[in-house]
Amino acid sequence: MFYKKEGWAKKSAAALSVTLVAGIFTACGQPGETGGDGFSQAGRHESQVEISLDLEEGGAEAGERAKPEGADEAGKAEGQTGPEGTVERGDGNKGVHTGKTAQEEEAIKSKFGEGCIAGQAFEVELSEYDGKVWFVPYGPSQDGQDFYMQIIQDGTVLTDIKGYVPDRLAGLGFDSLDAVSFYDINYDNHTDIVLVATYGGTRFAAVYYGHCEDGEDYETCFMPQKQLSETLTAQVDPLSIFGIRDFLAGGKRNGKFAGWQDAYEAVSRLCQLEGTAEMEYGLIDFDGDDIPELVAGARGYYTSLYTYDKGRVYTLMDRWPYGAMGNAGYEYSPGKNSLRNYNSDYAGAVLYTTYMTVGKGHSMDAVVQVETYNFDDSNRNGILDEEEMGSFGKYGVNYVNGIEATEEECASYDVGGYEPLEPVMSFEKLKEELSLG
């Protein structure tokens, strides 16, 4: 998620939002790839929301009771279960048992159409939506429609999800949807979707990162992660939901990490697997609580920041970009719980100085944004107009929440001692530091 100047108050705004306005690298309406950073804290609330569906031989038989909350043994079912506590899994369009009876599958088809893959349709709670929704996958149709999924609530389609298929398999036929799981893979507190499917006799993983609606800027969507999906397909053997979980984080759930070293090892591993840039890392003291924060990113492009508390990783900054569009980057004051960002418009005619802090909810919250106008904005439209260019550099006024502020008031938000918030070490060096910690 990244900082957008447009979401912040202009001079005429009444107040500044206390939560950083964020966006997504790739607009949700377009195919593409987004970033992310971790694994397994599902939902808008702290409770886990997960259904794991796995067809692997030697796995749990139908009717096996799910493990109690908190069990972490790799390769076993955990989280939300199906009817009467059975672990739901399997291939709903090949006749393999999925935890549903024939009558249940018929009821699902009558509700959503004969084209749906009833054995892999589930009523779930996803962090991106209020209340329960149905996840409904559809196989290819005779009219040329490819495999796709829908999120449906009370008969209304909330979100369409185009099925991701690796380029090497795109020309082959759809065989089956073998497994489905819902959990927060990248630690951003949004539920993601993991599929295992088969095309042309070849099995592959498909990961979709979930993103919530952000006002008028972005709609709720699930974006396929091409690089991560290809890496999981190539390296997880045998390929299953539980195998993926074990590969990503040793089967550990967020909230059950033994310590910050254990947690940051899992986060950095995922960052490496996403493989979207040359990643670097750092361990810093952001808030003075004796537990370091993890910095991850590509210097000059974007920065992510993670914190740890009582077995759980929290994402504070999720690929916040800088180095372009007037964004000079991010700074922090070691141990003082303060982040500072300089951003500008119109070649510096308008300067935005934003101060943020980590709140009690483990999120990066805005404290204030100081807007400095270095020209006489005589028509109060917040834009350097042609007739105002003569005043550029000869005039300066600060605003906080749309009200003119003195230099002393603006300086009161600055705690001093700021340093660049940038990664400084390789993945291998980070692993060494974690082992020593």
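What you are looking at is a predicted structure, and each value in this text was computed from that prediction instead of being measured. (Residues numbered from 1 in each chain as written. Predicted model: local features only at pLDDT ≥ 70, side-chain atom pairs only at ≥ 80, totals over all residues. Heavy atoms only, no water.)

J.: Quick one: what's the story with the overall build of the protein, residue by residue and with numbers?
T.: Summing up its helical and strand segments, the protein has six helices and 19 strands in all. Classification of the 437 residues of the protein by burial places 54% in the buried group. Of the contacts formed within the protein by residues at least 6 apart in sequence, a portion of 56% connects residues at least 24 apart. Looking at the protein as shown, the accessible area adds up to about 19,200 Å², and 48% of this sits on carbon and sulfur atoms. (Helix = DSSP H or I, 4+ residues; strand = E, 2+ residues; numbered from the N terminus. Buried < 20%, exposed > 50% of the residue type's maximum accessible area, 1.4 Å probe, protein only. Contact = heavy atoms within 4.5 Å. Areas by Shrake-Rupley, 256 points an atom, 1.4 Å probe, with all protein chains shown as cover.)

J.: Explain the sheet that holds strand β18 (residues 403-405) to me, using residue names and the numbers behind them.
T.: The strand order across the open sheet formed by seven strands is β18-β17-β16-β15-β14-β13-β19, and the pairing between neighbours is antiparallel. Every interior strand has two partners, whereas the edge strands, β18 and β19 (419-420), have only one. Looking at chain direction, strand β13 (residues 329-332) and β19 are connected through two bridges and run antiparallel. Looking at β19, one finds that Glu331 is bridged to Pro420. (Pairing = 2+ DSSP bridges.)

J.: Describe in detail the environment of Gly171, supporting the description with residues and values.
T.: The topology assignment puts Gly171 in the loop between β4 (156-162) and β5 (174-183). In this structure the C-alpha to C-alpha distance between Gly171 and Gly200, which are 29 residues apart in sequence, comes to 8.6 Å.

J.: Would you mind going over the side chain of Arg319 in detail, with residue names and values included?
T.: Within the fold, Arg319 resides in strand β12 (residues 312-321). Among the polar contacts made by the side chain of Arg319, one reaches the side chain of Glu274 at a distance of 3.1 Å. (Polar contact = N/O pair within 3.5 Å; in protein donor to acceptor, adjacent residues only side chain to side chain.)

J.: Pulling in residues and values, what's your account of the packing of helix α4 (residues 260-274) against helix α6 (residues 427-436)?
T.: Axis separation between α4 and α6 bottoms out at 10 Å; the angle between their running directions is 170°. Classified by the angle their axes make, α4 and α6 are roughly antiparallel. Of the residues in α6, those touching α4 at Trp260, Gln261, Tyr264, Glu265, Ser268, Arg269 and Gln272 are Phe427, Leu430 and Leu434. (Axes fitted to C-alpha atoms, helices over the stretch in contact; angles between N-to-C directions. Parallel < 35°, antiparallel > 145°, perpendicular 65-115°, else oblique.)

J.: Explain the sheet that holds strand β10 (residues 293-298) to me, using residue names and the numbers behind them.
T.: The strand order across the open sheet built from four strands is β9-β10-β11-β12, with neighbouring strands paired in antiparallel fashion. Looking at strand neighbours, the two that pair on one side only are β9 (280-284) and β12, the edges of this open sheet. Direction aside, the axes of adjacent strands within the sheet are offset by 20° on average. As judged from the five bridges shared by β9 and β10, these two strands associate in the antiparallel manner. Across the sheet, residue Leu283 finds its bridge partner in β10, namely Leu294. Here α4 sits on the sheet in contact with β9, β10, β11 (302-309) and β12, set at roughly 155° to β11. Running at roughly 30° to β9, α6 makes contact with β9 and β10 of the sheet.

J.: Account for the side chain of Glu280, with residues named and values stated.
T.: Residue placement: Glu280 occurs in strand β9. The exposure class assigned to Glu280 is buried, which follows from its relative accessible area of 19%. A polar contact is formed between the side chain of Glu280 and the side chain of Arg299, at a distance of 2.8 Å. Among residues more than four places away in sequence, those in contact with Glu280 are Val295, Ala296, Gly297, Arg299, Pro423 and Met425.

J.: Break down helix α2 (residues 226-235) for me, citing the residues and quoting the values.
T.: For α2, the complete set of buried residues consists of Leu228, Ser229, Thr231, Leu232 and Thr233. Packing partners of the buried residues in α2 comprise β7 (202-211), α3 (241-249) and α4.

J.: Could you give an account of the pattern of salt bridges, with specific residues and numbers?
T.: All chains considered together, the criterion is met by 10 salt bridges. Between Asp262 and Lys252 there is a salt bridge, with its nearest N and O atoms 3.9 Å apart. Pair noted here: Asp262 is in helix α4 and Lys252 is in the loop between α3 and α4, with a separation of 10 residues, a long-range link. By relative accessible area, Lys252 is classed as partly exposed at 28%. A salt bridge links Glu331 to Arg340; the nearest nitrogen and oxygen atoms lie 2.8 Å apart. Each member of the salt-bridge network shares a partner with another, and the members are Glu331, Arg340 and Asp414. (Salt bridge = Lys/Arg side-chain N within 4 Å of Asp/Glu carboxyl O.)

J.: Quick one: what's the story with the packing of α2 against α3, residue by residue and with numbers?
T.: Look at α2 against α3: their axes get within 11 Å of each other, and the N-to-C directions meet at 105°. Here α3 runs roughly perpendicular to α2, going by the angle between their axes. On α3, the residues that touch Leu228, Leu232 and Gln235 of α2 are Ile244, Phe247 and Leu248. Its residues placed into classes, the contact of α2 with α3 shows five nonpolar, one polar and no charged. (Nonpolar A, V, L, I, M, F, W, Y, C, P; charged D, E, K, R; others polar.)

J.: Could you give an account of α4, with specific residues and numbers?
T.: Compared with an ideal rise of 1.5 Å per residue, which puts 15 residues at 21 Å, α4 spans 21 Å between its outermost C-alpha atoms and is within 8% of the ideal. Here α4 lies mainly inside the structure; 12 of its 15 residues are buried. All of the buried residues in α4 are Trp260, Gln261, Asp262, Ala263, Tyr264, Ala266, Val267, Ser268, Leu270, Cys271, Leu273 and Glu274. Downstream of α4 by a residue or two, Gly275 has a phi angle that is positive, lying close to 55°. (Expected span 1.5 Å × (residues − 1).)

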